[in-house]
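# Coordinate analysis (summary)
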Amino acid sequence: MSELVSEQDGLQDTRRIPPPDPDREPMKANVYERMAKAASQLTPLFPYDHAGAIVPCGNVLIGGPEKAYGHFFHWNTVNEVAVTYGSNEAMLATGQIMATQNLHGVNSFLRDEKNPEAYAVIVVTQHQSEEGDQTEALIARCKNCKAEIVRYDYDATPFPLPGYDVARHGEHDAPIRQFSTTLGSMEFVSRRNSDEGRTCQACGHVNDVFPSDIWGWARTVVQTDATTKAHRAMREAAAPQDDQEK
Ligand SMILES: [Zn+2]
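The sections below set out a description of the structure shown in this document. In this text, all values refer to a predicted model and were calculated from it rather than measured experimentally.

With that settled, the discussion passes to the overall build of the protein chain. Along its length, the protein chain carries five helices and 11 strands. Within the protein chain, buried positions represent 37% of all 246 residues. Sequence-distant contacts, at least 24 apart, represent 62% of the contacts inside the protein chain between residues at least 6 apart. As displayed, the protein chain has an accessible area near 14,600 Å², and 52% of this comes from carbon and sulfur atoms. In the protein chain, the 23 positive side-chain charges and the 35 negative ones have mean positions that sit 6 Å from each other.

Spanning 13 residues, helix H3 (residues 180–192) covers 18 Å between terminal C-alpha atoms, matching the ideal 18 Å at 1.5 Å per step. Extensive coverage of H3 is indicated by the burial of 10 of its 13 residues. Ser180, Thr181, Thr182, Leu183, Gly184, Ser185, Glu187, Phe188, Val189 and Arg192 are the residues of H3 that are buried.

The next subject is the nonpolar core. Core analysis: the biggest nonpolar cluster contains 30 residues, and Phe72, Leu110, Ile122, Phe188, Phe210, Trp215 and Trp217 have the highest contact counts within it. Counting residues per element, the ones that place at least two in this core are strand S4 (54–62), strand S9 (119–127), strand S10 (135–141), strand S11 (148–155) and H3. If one sorts the elements of this core by residue count, S11 sits on top with four residues. In this structure, Phe72 is in contact with His104, Gly105, Val106, Leu138, Ile139, Phe188, Phe210, Trp215 and Trp217, ignoring residues within four places of it in sequence.

Protein coordination at the zinc ion: the donors are Cys142 (SG), Cys145 (SG), Cys200 (SG) and Cys203 (SG), at 2.3 to 2.4 Å from the metal. Metal-centred angles of 104 to 115 degrees between the four donor atoms at the zinc ion mark the site as tetrahedral. Among the residues examined, Cys145 registers a relative accessible area of 32% and is labelled partly exposed.

Spatially, the four strands line up as an open sheet ordered S8-S5-S10-S11, and their pairing is antiparallel. Here the strands that pair on one side only, and so sit at the sheet edges, are strand S8 (103–106) and S11. Across the sheet, the mean angle from the axis of one strand to that of its neighbour is 20 degrees, orientation sign disregarded. Strand direction decides the pairing type here: S10 and S11, joined by seven bridges, are antiparallel. Paired with Ile139 across the strands is Arg151, a residue of S11. This element, H3, spans strand S5 (72–76), S10 and S11 of the sheet and lies at about 150 degrees to S11.

The rules we used
- Residues numbered from 1 in each chain as written.
- Predicted model: local features only at pLDDT ≥ 70, side-chain atom pairs only at ≥ 80, totals over all residues.
- Heavy atoms only, no water.
- Helix = DSSP H or I, 4+ residues; strand = E, 2+ residues; numbered from the N terminus.
- Buried < 20%, exposed > 50% of the residue type's maximum accessible area, 1.4 Å probe, protein only.
- Contact = heavy atoms within 4.5 Å.
- Areas by Shrake-Rupley, 256 points an atom, 1.4 Å probe, with all protein chains shown as cover.
- Lys, Arg positive; Asp, Glu negative; His and termini not counted.
- Charge placed at Lys NZ, Arg CZ, Asp CG, Glu CD.
- Expected span 1.5 Å × (residues − 1).
- Core = buried A, V, L, I, M, F, W, Y, C linked by side-chain atoms within 4.5 Å.
- Donors = N, O, S within 2.8 Å, 3.2 Å for Na, K, Ca; no water.
- Tetrahedral: all angles 85-135°; square planar, octahedral: opposite > 155°, others 65-115°.
- Pairing = 2+ DSSP bridges.
- Axes fitted to C-alpha atoms, helices over the stretch in contact; angles between N-to-C directions.

Structure representation (structure tokens):
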């Protein structure tokens, strides 16, 4: 909690920021550097996604003749703010800040995603729940009649609140947790791209397959799983050594 502290001269108040949590060192990240090498959209720039955390997530959208991002809706119980760190031929201008509604549409945010000159680097920051459960949903609508074809609700309650799902997001001592939005998005795609998910119940239209590779969520989920296992393997490999020294 911040507190207002009166200066001794009494002329002005200054806001004092409490010292950092000793378990979570202050870090800085360069969004341009991170997103030049990132595996997916919505890559958390910092390893902190616990209850109350501010989670900035990087995105880099790029146009081109073969590019297709599709369209979906994201619903989140917590607030999100998007800041554009540079763009060309995009719906969001360089430096633009946008607070999203709880339910918001998501696409490439490029005016024409087939334009190779179009790009946008956008950081979407969400504020994790301080208490209680956090839920999100991804929704797809029929391209033909706009009826809802898939709604995928998933739990996103952050560590270490009572509703935190260890099986989905990682053990309490996991060095890297699965980011709930990335995991939920990957699961949404498998439903969306099933025959049932593609076929509109209202008009019968069979919707195109959602282009999942360009979003990269599945890749990030398997990489997170592999690096978590590697970290565990290294700890276990180091354990006998510790025993010998005792
Ligand atoms: Zn339809």
